[in-house]
Amino acid sequence: MVFYSFLTTRSLSLSSAMASKIKHVTVIGSGLMGSGIAQVAAQTGHTVTMVDVDVVAVDKAQKRIENSVQRVAKKKYGDEEEASKFISDTLGRITTSVDAVTAVGSTDLVVEAIVENLEVKKKLFSELDKAAPSHTMFASNTSSLPIAKIAEATSRKDRFGGLHFFNPVPVMKLLEVVRIPETSQATMDAMTAWGAALGKITVQCKDTPGFIVNYLLVPYLLSAIRLIERGDATMEDIDTAMKLGASYPMGPFELLDFIGLDTMKLVNKAWSTDYPEEQAFQMVPTLVKLVEEGKLGRKSGEGFYRYRK
Ligand code: 3HC
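Undergrad: A description of helix α4 (residues 80-92) should follow, citing residues and the corresponding values.
TA: Between the first and last C-alpha of α4 there are 18 Å, a value that for 13 residues agrees with the 18 Å anticipated at 1.5 Å per step. Among all positions in α4, only Ala83, Phe86, Ile87 and Thr90 are buried. End-on, the buried residues of α4 take up no more than an arc of 95°, which puts them together on one face. For α4, the exposed residues set more than 90 degrees away from the buried face come down to Glu81 and Gly92. Capping the start of α4, Asp79 holds a side-chain oxygen 3.2 Å from the backbone nitrogen of Glu81, two or three residues further along.

Here's what the structure looks like:
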C-alpha cells in the first residue's frame with residue numbers, strides 16, 4: 001500500500017509539472033485498444049482525433065466508447081446531471097477521421113494501435129513523420145514488436161517511445177512507458193506525465209520482448225494451453241484454479257478469450273520466430289487451430305468458450 005501511494009504521488013507530481021505539454025492526441029486504430037485509449041484521453045480533458053481506415057470502423061468504435069463512458073459515468077457520479085455532462089463533454093472531445101496523414105497535421109502526440117504487422121506500422125509512421133509537426137511525439141501500443149524497429153521508419157527516434165495500455169483500457173490502471181536507446185529524457189518525462197494525467201500508474205521499461213507484463217503473462221497463458229493439449233486438466237478447472245488459488249480476476253482461458261486469440265497468435269508467432277531457442281515462446285497448435293476456425297474469443301462469439309451475442 002505504501003509502495004502504491006508512492007507511485008501515485010510520483011505520478012501526480014510529474015503530472016502537474018508536465019502534463020500541459022500534451023493537449024491534443026491522435027490515436028491511429030480504433031479497435032478495442034485504440035478506442036479505449038481515445039476514451040481515457042478524452043475523459044481526462046484532452047482533445048482526441050481517432051483514426052481508422054473506414055467509417056464503418058470508426059462508427060463501431062464510437063458506439064463502443066459511448067457504452068463504456070456511460071459505465072464510467074455511472075460509477076463516477078451519483079448525480080444524473082453531472083453524469084450526463086461528463087458523457088457529453090467526453091464524447092465532444094473526440095473527432096474521427098479516415099485520413100491519418102491529415103489528422104496528424106496539428107497534434108502533440110500520436111498513439112498507434114493498428115494491426116501487429118511491422119511493415120504496416122513502419123509504412124504508417126514513415127508517412128506520419130513527414131506530415132506531423134516537429135514537436136509531435138510518436139508512440140506505439142504494440143504488444144509484440146520491438147519499438148526500435150518501428151521507430152526506424154522515422155527521423156524522430158528521440159521523440160519515439162512505447163505506450164503499452166491494457167484491456168479494458170478504461171479500467172486497467174497500468175501504463176508501460178517504453179524507452180528505446182534514442183528516446184530522449186524529455187520524451188520519457190512527457191509520456192510518463194501524460195500517463196499520469198490519464199489517471200494511470202506508469203512504469204518505465206526497456207524495449208525487450210513483452211516489456212514487463214507480457215513477458216510474464218504470455219508464457220503463463222501459453223502454458224495453460226499446453227496443459228489442456230497434454231490432457232493434464234480441463235480448461236474449466238484451470239480457470240477455477242487460477243481464480244481461487246492465485247486470486248487472478250480471470251482464469252487463463254477467460255483472459256485469452258478476452259484479449260483475443262488472433263492477437264495472442266500474432267504475439268506467439270512473432271516471438272517464436274524471433275527467439276526460436278526460447279521454449280516458453282514456442283508455437284501452440286491449439287491457438288493456431290482456433291484462429292483458423294474463426295474462433296477469436298469474445299469478439300467473435302467463440303474462442304475457448306462460447307458467448308452469447
Ligand atoms: N468500460 C468501462 N468500465 C468497464 C469496462 C469497460 N469496457 N469493463 C468493465 N468495466 C467496469 C464495470 O463497469 C464495473 O464497474 P463497477 O465495479 O463499478 O460495477 C467494473 O469494471 C467490473 O466490471 P464487471 O462487473 O463487468 O466485470 P468483472 O468484475 O468481471 O471485471 C474485468 C471485468 C475488469 C475485465 C476483470 O475481469 C479483469 O480485471 N480481468 C483481467 C483483465 C486483464 O488482465 N487485462 C490485461 C490483459 S493483457 C493486455 O491487455 C496486454 C495486451 O498487450 C495483450
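Structure shown, so let's carry the discussion forward.
Undergrad: So, the site of the ligand: which residues are in play, and what are the values?
TA: In the vicinity of the ligand there are 19 residues, among which Ser68, Arg71, Lys75, His164 and Asn167 approach most closely. His164 is positioned such that a nitrogen or oxygen atom in its side chain is 2.8 Å from an oxygen atom of the ligand. At 2.8 Å, a backbone N or O of Asn167 approaches a nitrogen atom of the ligand. For the ligand, whose unbound accessible area comes to 1,000 Å², protein coverage reaches 65%. Listed by contribution, the elements that provide at least two residues to the shell around the ligand are α3 (55-76), α9 (213-229) and α11 (252-259). Considered class by class, the residues forming the shell around the ligand number twelve nonpolar, five polar and two charged.

Undergrad: Give a detailed account of unusual backbone geometry, specifying residues and quantitative values.
TA: Omega for the peptide link from Asn167 to Pro168 comes to 0°, which places this bond in the cis form. Relative to the assigned elements, Pro168 resides in the loop between β6 (160-164) and β7 (174-179). One non-glycine residue, Phe211, adopts positive backbone phi at about 55°. Mapped onto the secondary structure, Phe211 falls in the loop between β8 (201-206) and α9. The class for Phe211 is buried, based on a relative accessible area of 6%.

Undergrad: Could you give me a rundown of the packing of aromatic side chains, with the residues and numbers involved?
TA: Evaluation of the coordinates by the stated rule reveals ten aromatic pairs. Ring plane angle 85° and centroid distance 6.2 Å describe the contact between Phe138 and Phe160, whose orientation is recorded as edge-to-face. With Phe138 in strand β5 (residues 137-140) and Phe160 in strand β6, this residue pair connects regions lying 22 residues apart in the sequence. Here Tyr220 and Tyr248 contribute two aromatic rings whose centre-to-centre distance is 5.5 Å and whose plane-to-plane angle is 75°, an arrangement assigned as edge-to-face. Taken together, the residues span a long stretch of sequence, with Tyr220 in helix α9 and Tyr248 in the loop between α10 (235-246) and α11 at a distance of 28 residues. Among the residues examined, Tyr220 registers a relative accessible area of 19% and is labelled buried. Every member of this aromatic cluster is reached through a ring pair, and the members are Tyr215, Trp271, Tyr275 and Phe281. Residue placement shows Arg156 over the ring face of Phe138; its charged tip is 4.4 Å from the ring centre.

What counts, and where the lines are drawn
Along each chain, numbering runs from 1 in the same order as the chain's sequence is written. Per-residue local features are limited, in this predicted model, to residues with pLDDT of at least 70; the limit for side-chain atom pairs, both in listing and counting, is 80 or more; totals at the level of whole chains, interfaces and linings are taken over all residues. Side-chain measures here rest on the full set of heavy atoms in the structure, leaving out hydrogens and waters. Only runs of H or I of at least four residues qualify as helices and only runs of E of at least two qualify as strands under DSSP, and these elements are numbered from the N terminus. To estimate how far a helix should reach, multiply one less than its number of residues by 1.5 Å. Type-normalised accessible area, obtained with a 1.4 Å probe on protein chains alone, sets the label of each residue: buried when under 20%, exposed when over 50%, and partly exposed for intermediate values. Here, the arc refers to the directions that run from the helix axis to the C-beta atoms. Throughout this description, a polar contact denotes any pair of N or O atoms lying within 3.5 Å of each other; where both atoms belong to protein, one of them has to be capable of donating a hydrogen while the other can accept it, and for residues adjacent in sequence the pair is counted only when both atoms sit in side chains. The nearness test applies per residue and asks whether one of its heavy atoms lies within 4 Å of the molecule or strand. Throughout, the Shrake-Rupley method with a 1.4 Å probe supplies accessible areas, and for residues the shown protein chains are the sole cover considered. Charged residues are taken to be Asp, Glu, Lys and Arg, nonpolar residues to be Ala, Val, Leu, Ile, Met, Phe, Trp, Tyr, Cys and Pro, and polar residues to be all remaining types, Gly included. Here is the rule: rings of Phe, Tyr and Trp (six-membered ring for Trp) pair when centre to centre is within 6.5 Å. Planes less than 30 degrees apart are stacked, more than 60 are edge-to-face, and the remainder are tilted. Charge-over-ring placement is defined geometrically: NZ (Lys) or CZ (Arg) within 6 Å of the ring centre, and within 35 degrees of the ring normal.

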